[in-house]
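Remarks on the overall topology
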Amino acid sequence: MSRRYVFTWRRWINWLNLASAVIVFFVALPLYWLIASSFKIPRAIGASPPQYFPIPLSASNYTSAFLHYGFARYFLNSAIVSVAATMIVLAVGSLAGYGLGRLPMRGKASILLILLMIAVFPEIAVISPLYLLMRDLRWLDSFQALILPYTAFNLPFAIWIIRNYMLGIPREMEEAARIDGASALKTFWSIILPQALPGLFTAAIFTFTACWTEFLMALTFNNSNAFRTIPVGIALFGSPNVIPYGTIFAASVVATVPIGILVFVFRRSVISGLTSGAVKG
Amino acid sequence: MRLRDKVAEERPQNTGTFRGSNANQLARLGWMFTSPALVLVGAVTVFPILFSIAMSLSNVTVSGNGFTMSGFTFSNYSALVHSASWRYALGFTIFYTIATVVFEIIAGTAIALVLERLNNARGIMMAVLLIPWSMITIISAELWQYIFEGTYGVMQAIFGALGFGRPVFLGSPTSAIVSMMVADIWKTTPFVAIIVLAGLVMLPSDVFEAARVDGSSSWYTFWHITVPLLRPTITIAILFRILQAFGIFDLPFVLTGGGPGVATTSLAILGYKVMFENLDFGAGAAVATSAALLVLFGCLLALKAFRTQVGGEGSL
């Protein structure tokens, strides 16, 4: 029995598994530190030498994040802004993806290239005009102050993803619908859209993740406590002199879990989206 | 450029999508479907970029009630060129971008090569790699700030235990820059690894078969077959990463606040401070425009390089 055990144990020691273990170790260790620290008692957060395991386990950071730092409000704001922007991106982006993917438009190639460039453009380049515009419209500290720019900034990449899926749909179905006398909008709605669902789904995950994590515009446009999103809320926790790491990490775990589950469960969609510009495109 | 080639080659097929139907009518339909998106993107991205350029070329005064732009002037730009902080921010951003992207490409490719050889564990490994990628940058910045903390940070304890003394990670310019790179590399190398892995999986297996039959060593195969075939994929990864790294804001904003001093002040941090702390919108717009122009320049350069490359190899 023990010989057999040694044999299998040896079989697992090879450079490939060793390398994998090293990769997981470096990726996971900071994540462990985030989670472990969120469960430490306040005194243990600043302990030197550090407390490597959160004993005693405490949920006080979590209650403090929600009760004293109003984290529930930030979470709700992030959810409202991200869901609304994602819905609009899907509605507007699927139409544009269909047009750019399957309809004969002149200058299509240039539009797609310009969209790709906008997708990678630095936010700082547009922040001050948008800020002045929002101020004139009295939109600062409102949901639309983030929903509108998030929609516009995520549309280009979403259109790319959706368009790439639209290209793969067999043309016979479209032609059959046309011969049956279906209108263009009806063809789009009942033939194309159902086929492109995986693409819409991938675009939705990307848009939602981008909105959930965006910081610069949220910081600049929505600085009042009532409209702060999670990243701004977490960045501005505490005073300049005291950084409440325990509370920050508790809030961080709560903010990371939904997006972590989303990405973990739908990792195939995420990976296909990440590579759609690079490999398939 | 692949993308354009691909688009171009699809155009004739598209015109013939519906036999017997009017191509002009379909084109009009296409514009109708596309215009909401184009109007939205134009109004919220293209228009502000142009407006920002206009602001950078005039005297802007912001008051409580509104703002006024007057006159045409290059003064914002001449102030920029003569400003030591802009020159430092430019140099820092370029250096930082090159250093992190080079490291990420090497490490990301190595990770992709390991993952490609895994069978059962690959899916789980990729899911683990996606967590840092999907994380809020502000959270990872707070986390690394805690790790690098000067009196009780865990990195201090690790360095102490290994006998390297107790460096003040975020307290001196060089170590703050290196610490920021470590935090950035942790978060973005997985992105590179996943893109490169997708490229690796799609490589034609018969080439590797032939190399094996010919008795090519694995080192030789890697440098003379894998790397050249992967080049288009790696180019895309480099392009995306350079453009992201060039606009870096969230990480230094929280991790170091641009300091100590101005050591980690990127162009985006500088632009933000000039605009929203000094309330100098003209100069801030000039900083932002300088970053945007460099990104645009990089884009055009990369597209050209990419197109010639694909023209030569084509197959992938």
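Residues numbered from 1 in each chain as written. Chains lettered and ligands numbered in written order. Predicted model: local features only at pLDDT ≥ 70, side-chain atom pairs only at ≥ 80, totals over all residues. Heavy atoms only, no water.

In terms of helices and strands, chain A carries 15 helices and zero strands. Its C-alpha radius of gyration of 24 Å places chain A more than 25% over the 19 Å reference for a compact globule of 281 residues. Across its three principal axes, chain A shows a C-alpha extent of roughly 75 × 70 × 30 Å. Expressed as a percentage of its 281 residues, the buried residues of chain A come to 56%. Put simply, of all contacts in chain A between residues at least 6 apart along the chain, 73% involve residues at least 24 apart. Counting every atom, chain A has about 12,400 Å² of accessible surface; 70% of that belongs to carbon and sulfur. (Helix = DSSP H or I, 4+ residues; strand = E, 2+ residues; numbered from the N terminus. Rg over C-alpha atoms; globule rule 2.2 N^0.38 Å. Buried < 20%, exposed > 50% of the residue type's maximum accessible area, 1.4 Å probe, protein only. Contact = heavy atoms within 4.5 Å. Areas by Shrake-Rupley, 256 points an atom, 1.4 Å probe, with all protein chains shown as cover.)

Helix length check: helix α7 (residues 124-136) of chain A, at 13 residues, gives a terminal C-alpha distance of 19 Å against a target of 18 Å (1.5 Å per residue), a fit within 8%. Most of α7(A) is tucked away, with 11 of its 13 residues classed as buried. (Expected span 1.5 Å × (residues − 1).)

Residue and element names in this part refer to chain A. Where helix α2 (residues 15-38) contacts helix α14 (residues 245-265), the two axes come as close as 8 Å, and the packing angle between them is 115°. Note on packing geometry: the crossing formed by α2 with α14 is left-handed. Residues Leu-34, Ile-35, Ser-37 and Ser-38 of α2 pack against Gly-246, Phe-249, Ala-250, Ser-252 and Val-253 of α14. (Axes fitted to C-alpha atoms, helices over the stretch in contact; angles between N-to-C directions. Left-handed = near helix turned anticlockwise from the far one by under 90°.)

All names here are of chain B. Enumeration over the complete set of coordinates arrives at five salt bridges over all chains. One salt bridge connects Arg-241 with Glu-104, and the closest N-O pair in it is separated by 2.6 Å. Taken together, the positions of Arg-241 in helix α10 (residues 218-246) and Glu-104 in helix α4 (residues 84-117) put the pair 137 residues apart, joining distant regions of the chain. In this structure, Arg-241 and Glu-104 share a single accessibility class: buried. Through salt bridges that share partners, Glu-104, Asp-184 and Arg-241 make up one connected network. (Salt bridge = Lys/Arg side-chain N within 4 Å of Asp/Glu carboxyl O.)

Next up on the list: the packing of helix α6 (residues 137-147) of chain B against helix α8 (residues 173-201) of chain B. All names here are of chain B. Interhelical geometry of α6 versus α8 gives an angle of 135° and a closest axis separation of 10 Å. Compared by their axis directions, α6 and α8 come out oblique. α6 and α8 meet at a crossing whose hand is right-handed. Residues Thr-137, Ser-140 and Trp-144 of α6 touch α8, and the partners they reach there are Val-182, Ala-183, Trp-186 and Lys-187. Split by residue class, the contact of α6 with α8 holds four nonpolar, two polar and one charged. (Parallel < 35°, antiparallel > 145°, perpendicular 65-115°, else oblique. Nonpolar A, V, L, I, M, F, W, Y, C, P; charged D, E, K, R; others polar.)

Before going further, it helps to spend a moment on a nonpolar patch on the surface. Judged by side-chain polarity, A:Val22, A:Phe25, A:Phe26, A:Leu29, A:Tyr32, A:Tyr52, A:Phe53 and A:Ile55 come together as a nonpolar surface patch covering roughly 850 Å² of accessible area. Take A:Val22: it is sitting in helix α2. (Patch = residues over 30% accessible without salt bridge, like charges linked within 9 Å, V, L, I, M, F, W, Y side chains within 5 Å.)

Take the nonpolar core next. Of all hydrophobic cores here, the largest spans 183 residues; its most connected members are A:Phe71, A:Phe221 and B:Leu115. Sorting elements by how many residues they give to this core places α8(B) first, with 14 residues. Ignoring sequence-local partners within four residues, the contact set of B:Leu115 consists of A:Ile23, B:Arg122, B:Met125, B:Met126, B:Leu129 and B:Leu197. (Core = buried A, V, L, I, M, F, W, Y, C linked by side-chain atoms within 4.5 Å.)

The next point concerns the packing of aromatic side chains. Inspection of the entire model under this criterion finds 42 aromatic pairs over all chains. Put simply, the rings of A:Tyr131, A:Phe215, B:Phe249, B:Phe253, B:Tyr272, B:Phe276 and B:Phe281 touch in pairs and so form one group of aromatic residues. Residue placement shows A:Arg163 over the ring face of A:Trp160; its charged tip is 5.3 Å from the ring centre. A cation over an aromatic ring shows up here: A:Arg267 above the ring of A:Phe264, its NZ or CZ 5.0 Å from the ring centre. (Phe/Tyr/Trp six-rings, centres within 6.5 Å; stacked < 30°, edge-to-face > 60°. Lys NZ or Arg CZ within 6 Å of the ring centre and 35° of its normal.)

Turning to helix α5 (residues 122-134) of chain B, a few remarks are in order. The end-to-end C-alpha distance of α5(B) is 18 Å, a good match for the 18 Å that 13 residues give at a rise of 1.5 Å each. The complete set of buried residues in α5(B) reads B:Met125, B:Met126, B:Ala127, B:Leu129, B:Leu130, B:Pro132, B:Trp133 and B:Ser134.

Here we come to the environment of A:Glu175. Tracing the chain through its elements places A:Glu175 in helix α9 (residues 171-179). Each C-alpha atom, one on A:Glu175 and one on A:Thr187, is 9.3 Å from the other, the two residues being 12 residues apart in sequence.

Listed by partner, the interface residues are 106 residues for chain A and 104 residues for chain B. Where chain A meets chain B, there are zero salt bridges. Inspection of the chain A/chain B interface yields six residue pairs in polar contact (both at pLDDT 80 or more). With 14 residues, the single largest contributor to the side of chain A that touches chain B is α2(A). (Polar contact = N/O pair within 3.5 Å; in protein donor to acceptor, adjacent residues only side chain to side chain.)

Below, the discussion takes up unusual backbone geometry. Residues and elements named next belong to chain A. Cis rather than trans, the peptide bond between Ser-48 and Pro-49 has omega equal to 0°. Tracing the chain through its elements places Pro-49 in the loop between α3 (42-45) and α4 (60-67). That bond from Ile-55 to Pro-56 is cis: its omega, 0°, falls within 30 degrees of zero. Within the element layout of this structure, Pro-56 appears in the loop between α3 and α4. For Arg-138, which is not a glycine, the phi torsion comes out positive at approximately 55°. Mapped onto the elements of the fold, Arg-138 is located in the loop between α7 and α8 (144-167).

What follows deals with the environment of B:Leu26. In this structure, B:Leu26 sits in helix α2 (residues 23-56). Sequence spacing of B:Leu26 and B:Asn76 is 50 residues, and the spatial spacing of their C-alpha atoms is 48 Å.

With that settled, the discussion passes to the side chain of B:Thr226. Residue and element names in this part refer to chain B. Locating Thr-226 in the fold gives a position in helix α10. With a relative accessible area of 7%, Thr-226 lands in the buried category. In this structure, Thr-226 is in contact with Leu-200, Leu-203, Phe-208 and Thr-221, ignoring residues within four places of it in sequence.

Before going further, it helps to examine the confidence of the model for chain B. Residue and element names in this part refer to chain B. Scored by pLDDT, chain B comes out at a mean of 84, with 88% of its residues at no less than 70. Per-residue pLDDT, averaged within each element of chain B, yields its smallest value for helix α1 (residues 2-15) (46) and its largest for α6 (96). The ipTM for the predicted assembly is 0.89, set against a pTM of 0.88. (pLDDT = per-residue confidence, 0-100.)

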